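Here is what each chain is made of, one letter per residue.
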Amino acid sequence: MEVSHSVKERTIAENSLVILLQGLHGHVTTVDLRDESTATGRLANVDAFMNMRLAEVTFTDRRGAVSQLDELFVTGRNVRYVHIPDEVDIRATIERQLQAIHRVRYFGARDKGRKEFPRAKHK
Amino acid sequence: GGAMSFLKRFPPPAEGVRHRQPDTEAVLAGRSLGSGTLYIAESRLSWLENSGVGFSLDYPTISLHAVSRDLSAYPWEHLYVMVNAKFEEEETKEAPVAEGEEEEDSDDDAEPIAEFRFVPSDKSALEAMFSAMCECQALHPDPDDEDSDNDYEGEEYDVEARELEQGDIPSFYTYEEGLLHLTAEGQATLERLEGMLAQSVSSQYNMAGVRTEDSIREFEDGMEVDIAPVVAGQFEDAEVDH
């Protein structure tokens, strides 16, 4: 649920479905990789380039051999599918992530951004 | 046996080394390449055997890396690295225990895959090795991203420039910028609206349509402006029409 510190990454995220994946932090997720292996584990992080870090992973390689991996990092390029867990409300997740990004953008950065209620000049 | 033909002699990387792990065995497709030092540098991943020969891997070719502590899958805890590239090996029969043998893969031409394992003698270093690799991978985003809707370098998405108030042609103004662009009339409108906001929670509401002395406010530039009467609660959300 953490929002990236990078302006560019926030922009990419809010304009693509990566934002949905970023809302899955902490969920046990299955990822199908380009080489036809699959990894099921707790999603620790997804960045704007869809690089993903998973923990406590059950990894099935392309030949079907199963092993456990403590931590796995896969580059976005090699992700083919991400299975959204059944318990996840997709729309609510996206909305929550968008709100988090907007909070950071408009209120988080020093003094910048719009002031919601400008002070009256007199009195 | 002989040396793997892809091994070369080169100096260890000096710059941008995020992690250096000595006493690390490198294994390719189940065959040990010897013991040496793993250098996780920002530019590439390198391993140099103690004799001085080794190899490097470029991050864009690395599909994934992982920490494996599953001794039933491989007898030593290690850093597993899957690479999208072909590495020549000697053609010797592999022991049955070797995993990841890739010579027989029919789809090798389409998708070459090489599996490396880096086995440090110090197992407690695996976390740091993994993290260092994650950081370095993040420095090499995929240049030919198939999903090329990600054209976020254009003006339209130059959010950073706008946020820093340096944007060329902003489609909206920040508060400070906007003030600079107001005409006198605009200024007056703004002050009237500000006044309304300030007053909207106060208990002083004017009777609808009745212009009282209280409703005329004098502004710094002497312009008298009516504050449109507010009926409590009715038009809280509306824009003021004038």
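About the criteria used
Residues numbered from 1 in each chain as written. Chains lettered and ligands numbered in written order. Predicted model: local features only at pLDDT ≥ 70, side-chain atom pairs only at ≥ 80, totals over all residues. Heavy atoms only, no water. pLDDT = per-residue confidence, 0-100. Contact = heavy atoms within 4.5 Å. Phe/Tyr/Trp six-rings, centres within 6.5 Å; stacked < 30°, edge-to-face > 60°. Helix = DSSP H or I, 4+ residues; strand = E, 2+ residues; numbered from the N terminus. Buried < 20%, exposed > 50% of the residue type's maximum accessible area, 1.4 Å probe, protein only. Lys NZ or Arg CZ within 6 Å of the ring centre and 35° of its normal. Salt bridge = Lys/Arg side-chain N within 4 Å of Asp/Glu carboxyl O. Expected span 1.5 Å × (residues − 1). Core = buried A, V, L, I, M, F, W, Y, C linked by side-chain atoms within 4.5 Å.

Colleague: Any chance you could explain the confidence of the model for chain B here in plain terms?
Modeller: Low pLDDT means the predicted coordinates in that region are not meant to be read closely. Residues and elements named next belong to chain B. In the predicted model, chain B carries a mean pLDDT of 75, and 57% of its residues have values of at least 70. Scored below 50 in pLDDT, residues 91-95 shows 5 contacts in the model against residues more than four places distant or in partner chains. Confidence drops under pLDDT 50 across residues 154-158; counting only partners more than four residues distant or on other chains, this segment forms 7 contacts.

Colleague: For this particular structure, what's the right way to read the packing of aromatic side chains?
Modeller: The description of two aromatic rings rests on the distance between their centres and on the angle between their planes. Residues and elements named next belong to chain B. Here the structure, examined in full by the defined rule, presents 9 aromatic pairs over all chains. Between F6 and F55 the ring centres are 5.6 Å apart and the planes differ by 70°, which places this aromatic pair in the edge-to-face class. Of this pair, F6 sits in the segment before β1 (8-9) while F55 sits in strand β5 (residues 53-57); the two residues are 49 residues apart in sequence, bridging distant segments of the chain. Given a relative accessible area of 13%, F6 falls into the buried group. The class for F55 is buried, based on a relative accessible area of 3%. Centre to centre, the rings of F55 and F116 are 4.9 Å apart; their planes meet at 25°, and the pair counts as stacked. Residue F55 is located in strand β5, and its partner F116 is located in strand β8 (residues 114-120); the two are separated by 61 residues in the primary sequence. As far as the burial class goes, F55 and F116 line up, both buried. Stacked on the ring of Y74, the Lys or Arg R117 has its end atom at 4.6 Å from the ring centre.

Colleague: Sorry, what's going on with the pattern of salt bridges here?
Modeller: Close approach of charged atoms allows side chains with opposite charge to pair. Residue and element names in this part refer to chain A. One pass over the full model with this rule turns up 9 salt bridges over all chains. For R42, the salt bridge is made with E56, and the minimal N-O distance between the two is 2.7 Å. On the criterion of sequence distance, the pair formed by R42 in strand β2 (residues 38-46) and E56 in strand β3 (residues 52-60) is long-range, its members being 14 residues apart. Classification of R42 by relative accessible area gives partly exposed; the value is 32%. In this structure, D61 and R63 form a salt bridge, with 4.0 Å as the shortest nitrogen-oxygen distance. The class of R63 is partly exposed, set by a relative accessible area of 38%.

Colleague: What is the right way to read helix α4 (residues 184-199) of chain B from this model?
Modeller: If you check α4 of chain B, its first and last C-alpha atoms are 22 Å apart, about what 16 residues at 1.5 Å a residue would give, namely 22 Å. Taken residue by residue, α4 of chain B has A188, E191, R192, E194, G195 and M196 of chain B as its buried positions.

Colleague: Help me understand the nonpolar core, please; the structure alone is not making it clear to me.
Modeller: Within soluble globular proteins, side chains that are nonpolar tend to cluster in buried spots. Counting 34 residues, the largest nonpolar core has F55, F116 and F118 of chain B as the members making the most contacts within it. Among the elements of the structure, β2 (17-28), β3 (31-41), β4 (45-49), β5, β6 (62-68), β7 (78-83), β8 and α1 (126-138) of chain B are those that each provide at least two residues to this core. In this structure, F55 of chain B is in contact with F6, L7, F10, A26, L33, L45, S46, W47, F116 and F118 of chain B, ignoring residues within four places of it in sequence. Core analysis: the next-biggest nonpolar cluster, separate from the first, contains 22 residues, V31 and V46 of chain A together with M82 and I113 of chain B among them.

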